[in-house]
Amino acid sequence: MLREDSTSMRGAGAMIAGLGPLEAAVMEVLWRAPEPLPVRGVLEGLTDHEVAYTTTSTVLENLRRKDWVDRERIGRLWFYRPLRDRSTHAAEVMHEALTGSRDSETTLLRFVDTMQPEDVRALRALLSEVPGEEEP
């Protein structure tokens, strides 16, 4: 069972690997939006940043070139949407860290040691739902 609730928002203001601060802020706006947004909609969602319309447009185009967002023209405006949700991105980063480790077991142990108790409980529950491997 996957969930996207308030516990998954922990660290929402944190940096996103591979993105600059403004790019990360734009992704946060898009992830919160229930539907694709035009540049003006993204700009209005950037409440913690004072940026120009043209800067926001440029950031969205940079994110599109980096395969973070897609766009669709509706009338005279481009509407932008994320190509992956926040949870999918986090899982990709975790997978990269694990596969980049020389010792995945120790890496997993260190990661679990830093988890909040409610996240450990959630992990246990999820793992209990995964069918076990057959032992020879």
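Structure's up top.
Throughout what follows, the structure given in this document is the object of discussion. None of the values given here were measured: they were computed from a predicted structure.

1. Observations regarding the pattern of salt bridges
Under the counting rule described, the total for this entry stands at six salt bridges. Put simply, Glu23 and Lys66 hold a salt bridge, and the shortest N to O gap is 2.9 Å. You can see Glu23 sitting in helix α1 (residues 21–32) and its partner Lys66 sitting in the loop between α3 (53–65) and β2 (69–74), a full 43 residues away along the chain. Judged by its relative accessible area of 11%, Glu23 is buried.

2. Considerations on the environment of Arg73
For Arg73, the position within the fold is in strand β2. The exposure class assigned to Arg73 is partly exposed, which follows from its relative accessible area of 48%. Here the alpha-carbon distance between Arg73 and Pro38, two residues 35 residues apart in the chain, equals 9.3 Å. Here the side chain of Arg73 touches Gly75 through a polar contact of 3.4 Å, landing on its backbone oxygen. Separated by 3.5 Å, the side chain of Arg73 and the backbone oxygen of Arg76 make a polar contact.

3. A short note on the pairing of β2
As paired elements, β2 and strand β3 (residues 77–82) share six bridges and run antiparallel to each other. If you follow Glu72 over to β3, its bridge partner there is Phe79. Linking β2 to β3, which pair antiparallel, is a turn of two residues; within it Gly75 sits at a positive phi near 65 degrees.

4. Structural notes on unusual backbone geometry
With glycine set apart, most residues show a phi of negative sign, and most peptide bonds adopt trans. Non-glycine residue Asp67 carries a positive phi angle of around 65 degrees. With respect to the helices and strands, the residue Asp67 is situated in the loop between α3 and β2.

Cut-off values and rules
- By convention here, each chain's residues receive numbers from 1 onward along its written sequence.
- Given that this is a predicted model, residues contribute local features only at a pLDDT of at least 70 and side-chain atom pairs are listed and counted only at 80 or more, while totals for whole chains, interfaces and linings are drawn from all residues.
- The basis for every side-chain value is the complete set of non-hydrogen atoms in the structure, without hydrogens or water.
- Salt bridges are defined by distance alone: a side-chain nitrogen of Lys or Arg within 4 Å of a carboxyl oxygen of Asp or Glu.
- For the purposes of this entry, the term helix denotes a DSSP run of H or I that reaches at least four residues, the term strand denotes a run of E that reaches at least two, and both are numbered from the N terminus.
- Only protein chains enter the area calculation, which uses a 1.4 Å probe; residues under 20% of their type maximum are buried, those over 50% are exposed, and those in between are partly exposed.
- Polar contacts here mean pairs of N or O atoms no more than 3.5 Å apart (in protein, one a potential hydrogen donor and the other a potential acceptor; neighbouring residues in sequence count only if both atoms are side-chain atoms).
- If DSSP finds at least two bridges between two strands, the strands pair.

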